[in-house]
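# Fold and contact review
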Amino acid sequence: MAALSNILHYITPTNVVASLHLRQHRRITVRHVLLTLGIAAVLSTLYYTYLRRDEMFFASSDEFFWPPETPQIWAERAAQVKEAFRHAYRGYEHHAFPHDELLPMSNKNIDNFNGWGVTSVDSLDTMLLMGLEDEYKRALPIITHANFSLPSNTHVPFFETVIRYLGGLLAAYAISGHDLLREKADELGSILAPAFNTTSGFPGFAVDTYSGRNSTYSSGVLAEIASCQMEYAYLGKITGKKEHVDHATLITNLLYAANLSASGGMYPTRWNLVTGAPSNLQLSVGALADSGHEYTLKQFLMTARTDKRNLEMYLKFTSYAINNLLFLTPERNLLYVTDATMWRHGLAPSHFFQHLACFFPGLLALGVHLLPLNNLDALGINVTALADDLLPTDRWAYANLAEFDLADLHLWAAEGIAQTCYLTYADQPTGLGPEIVQMDVGPKGAIRWIDAMRAWKFGEGVQGGGRTGEGQRSGRGRGRLPPGVRDISSWTTPLYENVTVERLIPPVRSKGKRPNTFGRDYVIRNTAYYLRPETIESLYILWRTTGDVKWRHRGWHIFRAIERYAKTYSGYTSVEYVHTEHPTRIDSMPSYFLAETLKYLYLLFSDEDPLPLEKWVFNTEAHALPVFEWSMEEREAYGIV
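Thresholds, definitions, all that
- Residues numbered from 1 in each chain as written.
- Predicted model: local features only at pLDDT ≥ 70, side-chain atom pairs only at ≥ 80, totals over all residues.
- Heavy atoms only, no water.
- Helix = DSSP H or I, 4+ residues; strand = E, 2+ residues; numbered from the N terminus.
- Contact = heavy atoms within 4.5 Å.
- Areas by Shrake-Rupley, 256 points an atom, 1.4 Å probe, with all protein chains shown as cover.
- Phe/Tyr/Trp six-rings, centres within 6.5 Å; stacked < 30°, edge-to-face > 60°.
- Buried < 20%, exposed > 50% of the residue type's maximum accessible area, 1.4 Å probe, protein only.
- Lys NZ or Arg CZ within 6 Å of the ring centre and 35° of its normal.
- Disulfide = S-S within 2.5 Å.
- Pairing = 2+ DSSP bridges.
- Axes fitted to C-alpha atoms, helices over the stretch in contact; angles between N-to-C directions.
- Parallel < 35°, antiparallel > 145°, perpendicular 65-115°, else oblique.
- Nonpolar A, V, L, I, M, F, W, Y, C, P; charged D, E, K, R; others polar.
- Expected span 1.5 Å × (residues − 1).
- Bend = angle between axes of the 7 residues up to and from the residue.
- Salt bridge = Lys/Arg side-chain N within 4 Å of Asp/Glu carboxyl O.
- Polar contact = N/O pair within 3.5 Å; in protein donor to acceptor, adjacent residues only side chain to side chain.
- pLDDT = per-residue confidence, 0-100.

The next subject is the overall build of the chain. Along the chain, the regular secondary structure elements total 24 helices and 22 strands. Partitioning the intrachain contacts of the chain with sequence separation of at least 6 by distance along the chain shows that 70% fall at a separation of at least 24. In the form shown here, the chain has an accessible surface area of approximately 26,200 Å², with 53% of it arising from carbon and sulfur atoms.

What describes a pair of aromatic rings is the distance from one ring centre to the other and the angle between the planes of the rings. Applying the stated criterion across every chain yields a total of 27 aromatic pairs. Taking 5.7 Å as the distance between ring centres and 25° as the angle between the ring planes, the aromatic pair formed by Trp 74 and Phe 605 counts as stacked. Of this pair, Trp 74 sits in helix H5 (residues 71-95) while Phe 605 is found in helix H23 (residues 591-605), placing the two residues 531 residues apart along the sequence. For Trp 74, a relative accessible area of 1% puts it in the buried group. Taking 5.4 Å as the distance between ring centres and 85° as the angle between the ring planes, the aromatic pair formed by Phe 158 and Phe 196 counts as edge-to-face. With a gap of 38 residues between them, Phe 158 in helix H8 (residues 158-176) and Phe 196 in the loop between helix H9 (179-192) and strand S6 (206-208) connect regions that are remote in the sequence. Classification of Phe 196 as buried rests on a relative accessible area of 7%. Through successive ring pairs, a cluster of aromatic residues spans Trp 74, Trp 556, Phe 559 and Phe 605. Over the ring of Trp 74 we find Arg 77; its NZ or CZ atom is 4.7 Å from the centre of that ring. Above the ring of Trp 551, the side-chain terminus of Arg 554 is found at 5.0 Å from the ring centroid.

Another point: the environment of Leu 539. Its place among the elements puts Leu 539 in helix H21 (residues 534-546). Assessed through its relative accessible area of 0%, Leu 539 is described here as buried. C-alpha of Leu 539 to C-alpha of Val 549: the two residues are 10 residues apart in sequence and 10.0 Å apart in space.

Enumeration over the complete set of coordinates arrives at 1 disulfide. What pairs with Cys 358 in a disulfide is Cys 421, and their sulfur atoms sit 2.1 Å apart. Its torsion about the S-S bond being -100°, the disulfide of Cys 358 and Cys 421 is classed as left-handed. Residue Cys 358 is located in the loop between strand S15 (352-354) and helix H15 (360-370), and its partner Cys 421 is located in helix H17 (residues 406-426); the two are separated by 63 residues in the primary sequence. Both residues of the pair, Cys 358 and Cys 421, count as buried.

Another aspect to go through is the sheet that holds S6. Strand order across the open sheet formed by 3 strands is S5-S6-S7, with antiparallel pairing between neighbours. The open sheet has two edge strands, strand S5 (156-157) and strand S7 (213-214), and neither has a second partner.

Of note, the bond from Phe 97 into Pro 98 is cis; its omega dihedral lies within 30 degrees of zero at 5°. Despite not being glycine, Phe 518 has its phi angle at roughly 55°, a positive value. Relative to the helices and strands, Phe 518 resides in the loop between helix H20 (501-504) and strand S18 (522-526).

At their nearest, the axes of helix H14 (residues 308-324) and helix H16 (residues 392-401) sit 10 Å apart, and the two run at 90° to each other. Regarding the angle of H14 to H16, the classification is roughly perpendicular. Contacts from Leu 315, Lys 316, Ser 319, Tyr 320, Ile 322 and Asn 323 of H14 reach H16 at Asp 394, Ala 397, Tyr 398 and Leu 401. Looking at side-chain class alone, the contact of H14 with H16 contains 6 nonpolar, 2 polar and 2 charged residues.

The next subject is helix H13 (residues 290-302). Counted at 1.5 Å a residue, the expected span for H13 with its 13 residues is 18 Å, and the 18 Å between its end C-alpha atoms agrees. Its axis deflected by about 30° at Thr 296, H13 carries its strongest bend there. Taken across its 13 residues, H13 has 13 buried, putting it largely inside the fold. Once H13 finishes, Ala 304 follows within two positions and takes phi at roughly 60°, a positive value.

Within the open sheet, the 3 strands sit side by side as S12-S11-S17. Their pairing is antiparallel. Edge positions in the sheet fall to strand S12 (335-337) and strand S17 (447-448), since each has one partner strand and no second. Note: strand S11 (residues 326-328) against S12, 3 bridges, orientation antiparallel. Of the residues in S12, the one forming a bridge with Leu 328 is Leu 335. Packed on one face of the sheet, H17 meets S11 and S12 and runs near 95° to S12.

The next thing to look at is the pattern of salt bridges. Throughout the structure, instances matching the rule amount to 27 salt bridges. Of the charged contacts, one joins Arg 309 and Asp 307 as a salt bridge, the two residues approaching to 3.4 Å between their closest N and O atoms. Asp 307 matches Arg 309 in its accessibility class, with the two residues each being buried. Note that Arg 454 and Glu 403 form a salt bridge whose closest N and O atoms lie 3.1 Å from each other. Taken together, the residues span a long stretch of sequence, with Arg 454 in helix H18 (residues 449-458) and Glu 403 in the loop between H16 and H17 at a distance of 51 residues. Residue class for Glu 403 comes out partly exposed when judged on its relative accessible area of 31%. Taken together, the salt bridges that share partners define one network made up of Glu 83, Arg 86, Arg 90 and Glu 135.

This paragraph deals with the side chain of His 355. Residue position: His 355 is located in the loop between S15 and H15. We classify His 355 as buried; its relative accessible area is 4%. Of the polar contacts made by the side chain of His 355, one reaches the side chain of Tyr 425; its length is 2.6 Å. A polar contact is formed between the side chain of His 355 and the side chain of Glu 534, at a distance of 3.0 Å.

Next up on the list: the confidence of the model for the chain. Confidence along the chain averages 88 in pLDDT terms, with 84% of residues attaining 70 or more. Per-residue pLDDT stays below 50 along residues 44-62; that stretch engages in 35 contacts with residues further than four places along the chain or on separate chains. Note that residues 463-478 has pLDDT below 50 and, in this model, 45 contacts with residues that lie over four places away or in other chains.

Here it is in structure tokens:
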């Protein structure tokens, strides 16, 4: 490195000019000068391409070095994200405002979320966070003149409206203190309230805000019926209105009272809106369920860690997931979380790994950072006792968890799953992650992570297929990392080695037949990247909670891929066929790209911490709400336990 730097230092324009003056005395020809300049160009290219690049250095397959970089470099990267936001919002303003979303390929607009300008409202707190005062001021008129009861608003989706519009207004108010935002949030929260007019009290799918009627759906999914507590609780706090608080409290009461003995203490994906009981036994951390699980921890944190019921629900959910839904792949030991269905013969995991589930490692890391997981007795919680109302097999699983340091276990799970989320990006030629992959289970069956962890800890054999993992064989005493946690290189098998694109996406496997993953340990089931934020969210939280710079570098790699393949003249677009070198673009720029993806990237690269995790809690749309505590008077008035 030093020799190369010396050569580059010597070969400068000044030295070249001096050489020209001495040309006749030293018999240096123009050809010599051109040769020297050519060598300098080659060396410079090699230096900046291979030696000074933004990727990890590694000495062996088990040793990675992630350069810390200077604060100036990270500040410049944050500035690039800020400019990406300005580019996207400028395109929206020019081609789509005041409609909902921009179509960044055709430069047209679409009203797919009520026609109230969702991109503007969803982006308000991102603008404030980035100091984009001009954009914020230009967006305010759409708030001032918003009419939430248009004749066309006969089917307003409750969940999406709460997390995007209501969450956006509340977060912008929390940051700015602008009374208009609180007033509009109050108006919107009241207009949406008929959603709770079901027999059980769980909100229905949609509301007719023009007539004030609820939808007639008798069934709901967990994510949609259990992701409004944060918004309505904070709305009640800032308005002093009991009816808002009651909506949040009701959802908590219903969830806490539900009989989950058949599902091991974890909330299934579908619920009966008449009885308020689960209506299936499908268990998922991803689609249909994600934010319903997320809000158990976040509601506990937002209300100053005083609602023990939400904490108990979070611990039950994570305990079941860690015991039953986390698996390792046979070759690369990729740690992943999947969904499963309970049948009479037992649990049937799908081994599909969804991008939507990549929020989960961030949630686990947040819990490790802010909960006394190894001293829950101080909060009056006995983890083993949480299984008292469950079946014997589930009680036994809780006893297994008691053998581990719970904080370590949760953090290891967070780091391993987050790495797999990142690798689904890094493995692709585009550097963008597909929506769904299907993991290989090995020739002898799937390897449950908790079984591998017990083998690593106690030196037991592991039931399941594939080679033993890095921790499975060596045991904890030898100083090795647990299975699924060590850094793994991205998949590098070139396509020209008989690995065609078509073979990377085989048909859904027939019974008893495993697809050939060519050492990658998964096949792709949905090749699209929809500008989603979940992986970036987890990278950000892991960076803030562990201080490990590798999470920042991984985020930077993803941002560069977004810039390279998703950027258009007027914004950013979703991308299909990310597993090829020539992907195609989808004419769509979801509002969450500005509300979540770019916000988390900006926070990931910023050395300053404007929204400390101890003082702010992000809703599922990345809208930051402040931690608050109910006063004694409020507790009595609102009936808060």
